[in-house]
Every structure is written in C-alpha cells, then in structure tokens.
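Survey of secondary and tertiary structure
Spelled out, the chains give:
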Amino acid sequence: MAPKLTDPANFLSNLVTKKGKSDLYGVYLTGVNVVANATENYDYDVPLEQVEREVERVFAQDTSDWNALLVELRRSTDEIIFPISFIRGREPNTVYFVIEGHEMSSMVFIPTLVVDEFVTEVTFYQHLLREVAAFAGKTPSTVRFTLGAVSMPWDDLVERGCAREVDIGF
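The structure displayed is predicted, hence computed values, not measured ones.

Tallied over the full model, the rule gives seven aromatic pairs. Seen from their ring centres, phenylalanine 124 and tyrosine 125 are 4.8 Å apart, and the 90° between their planes marks the pair as edge-to-face. Among the residues examined, phenylalanine 124 registers a relative accessible area of 1% and is labelled buried. Each member of the aromatic cluster is reached from another via a ring pair, and the members are Phe59, Trp66, Phe86 and Phe97. Seen from the ring of phenylalanine 124, arginine 88 lies directly overhead, with NZ or CZ sitting 3.8 Å from the centre.

This brings us to the packing of helix α1 (residues 8–19) against helix α4 (residues 118–136). The N-to-C vectors of α1 and α4 enclose an angle of 145°; their axes lie 9 Å apart at closest approach. In the crossing of α1 with α4, the sense of the turn from one axis to the other is right-handed. In contact with Pro8, Ala9 and Leu12 of α1, α4 contributes Phe118, Val119 and Val122. Each residue belonging to the contact of α1 with α4 can be placed in one class, and the counts come to six nonpolar, no polar and no charged.

Let's shift gears to the pairing of strand β3 (residues 81–88). Burial along β3 is one-sided: the residues Phe82, Ile84, Phe86 and Arg88 are buried and none of Ile81, Pro83, Ser85 and Ile87 is. Of the pairings in the sheet, the one linking β3 to strand β4 (residues 91–100) comprises eight bridges and is antiparallel in character. Its bridge partner lying in β4, arginine 88 is registered against glutamate 91. Hairpin connection between β3 and β4: a loop of two residues separates the two successive antiparallel strands, and glycine 89 in this loop has a positive phi of roughly 70°.

With that settled, consider the pattern of salt bridges. Under the defined criterion, the tally for this structure stands at five salt bridges. Measuring nitrogen to oxygen at the nearest pair gives 3.2 Å for the salt bridge that ties glutamate 72 to arginine 75. Here the residue glutamate 72 and the residue arginine 75 both occupy positions in helix α3 (residues 63–75), the gap between them amounting to three residues, near one helical turn. The class of arginine 75 is exposed, set by a relative accessible area of 60%. For arginine 88, the salt bridge is made with glutamate 121, and the minimal N-O distance between the two is 3.1 Å. Note that arginine 88 is positioned in strand β3 and glutamate 121 in helix α4, a separation of 33 residues in sequence. Each member of the pair, arginine 88 as well as glutamate 121, carries the same accessibility label: buried. Via salt bridges that share partners, Glu54, Arg57, Arg88 and Glu121 belong to a single interconnected network.

With 44 residues, the main nonpolar core has Leu73, Phe97, Tyr125, Leu128 and Phe145 as its most contacted residues. The leading source of residues in this core is α4, at nine residues. Among residues more than four places away in sequence, those in contact with leucine 73 are Phe82, Phe97, Ile99, Met104, Val132 and Ala136.

The next point concerns the sheet that holds strand β6 (residues 139–153). Reading across the sheet, the six strands line up as β1-β2-β6-β5-β4-β3 and stay open at both edges, with mixed pairing between neighbours. Edge positions in the sheet fall to β1 (21–22) and β3, since each has one partner strand and no second. On the sheet, α1 packs against β1, β2 (26–37) and β6 and is oriented at approximately 150° with respect to β2. Its contacts with the sheet place α3 against β3, β4 and β5 (103–114), and it is angled at close to 160° to β3.

A separate point is the environment of valine 95. Relative to the helices and strands, valine 95 is located in strand β4. For valine 95, a relative accessible area of 1% gives the class buried. Here the alpha-carbon distance between valine 95 and phenylalanine 109, two residues 14 residues apart in the chain, equals 6.4 Å. The residues touching valine 95, leaving out its near neighbours within four places in the chain, are Phe82, Pro83, Ile84, Phe86, Ser106, Met107, Val108, Tyr125 and Leu128.

What counts, and where the lines are drawn
- Residues numbered from 1 in each chain as written.
- Predicted model: local features only at pLDDT ≥ 70, side-chain atom pairs only at ≥ 80, totals over all residues.
- Heavy atoms only, no water.
- Phe/Tyr/Trp six-rings, centres within 6.5 Å; stacked < 30°, edge-to-face > 60°.
- Buried < 20%, exposed > 50% of the residue type's maximum accessible area, 1.4 Å probe, protein only.
- Lys NZ or Arg CZ within 6 Å of the ring centre and 35° of its normal.
- Axes fitted to C-alpha atoms, helices over the stretch in contact; angles between N-to-C directions.
- Helix = DSSP H or I, 4+ residues; strand = E, 2+ residues; numbered from the N terminus.
- Left-handed = near helix turned anticlockwise from the far one by under 90°.
- Contact = heavy atoms within 4.5 Å.
- Nonpolar A, V, L, I, M, F, W, Y, C, P; charged D, E, K, R; others polar.
- Pairing = 2+ DSSP bridges.
- Salt bridge = Lys/Arg side-chain N within 4 Å of Asp/Glu carboxyl O.
- Core = buried A, V, L, I, M, F, W, Y, C linked by side-chain atoms within 4.5 Å.

In structure tokens form, the structure reads like this:
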C-alpha cells in the first residue's frame with residue numbers, strides 16, 4: 001500500500017507533476033481538489049505574522065460583509081453553509097464555511113494558482129478558518145480547496161528533476 005500523503009502542498013506538487021498537461025510555459029492541471037487539516041502545522045516557511053496581517057486585511061476589506069457573516073454563524077441554527085467572496089491577490093476567492101455539528105470546515109474556491117503559492121494559501125485559509133470558528137464557538141476541522149487551474153513553470157519542473165532542459169542547436 002502506498003504511503004498516505006499528509007502534506008497538501010506536496011500532494012498538489014506531485015499531482016501536477018504526474019497528471020498535468022504541458023504547454024509553452026510549463027505544466028497545468030484543472031479542477032483540482034486538495035484537503036488540509038485546519039489545525040495541523042505543516043511547517044511551511046510562511047511567517048505567521050504575515051498571515052495574521054493578511055487575515056486582518058481581508059476582514060477590514062469588507063467589514064460589513066464579514067460582520068454579517070460572523071453574526072449569522074454565531075446565532076443561526078437553521079443554516080449550515082455560509083458563503084463569502086473577497087479579492088485576494090488579483091482574483092476573487094470564494095469561501096464556504098460549513099457547520100458540521102460542533103465542528104466547522106471550509107471549502108475554498110481559487111480560480112488560478114501557481115504551485116509554489118499553495119503553501120501560503122494553505123496557511124492563510126487555515127488561520128482564517130480558525131479565527132471564524134473561534135468566533136462562532138466551533139472547532140475547526142478541515143479546509144477543502146477547489147482549484148480552477150494550477151500551474152507549474154518549466155523551471156520548477158527542471159529544478160525538481162521532473163523534466164530535463166534540452167538545448168537544440170541548428
């Protein structure tokens with residue numbers, strides 16, 4: 001039996017490397033789903049202070065929407081899915097906070113992503129879920145990512161030993 005992959009960034013990198021389609025700029029894969037544990041420390045090289053500031057910035061960006069969402073999460077007993085969209089980087093990201101009994105998970109849709117950016121995204125959305133779940137009195141469980149298109153440039157593939165650079169002379 002194959003070893004269980006527990007690192008979402010490593011899983012995504014391996015998936016794009018093995019299943020991706022090549023184009024002029026590198027390799028890409030569409031419609032990718034990846035799951036990360038909300039409380040797991042994956043030891044990514046992402047400064048926590050930077051992530052905390054980014055989460056605060058996203059909260060401040062659309063304060064009224066976030067306040068309405070947080071209040072609904074805390075007091076609603078009928079609904080189980082709470083969506084919100086916001087601009088992160090240059091694209092709109094959509095997050096669905098899902099209440100599952102005493103736990104809360106999130107489903108995140110990111111339209112396009114470069115593989116190397118995924119460690120930052122995992123850390124950011126883990127922190128975001130922990131903050132929202134703490135406010136709602138829930139235990140954070142998982143972050144499920146749906147990635148529209150994931151790419152890896154040729155240079156990264158060569159560095160990883162997954163492709164060779166060939167010099168063609170005429």
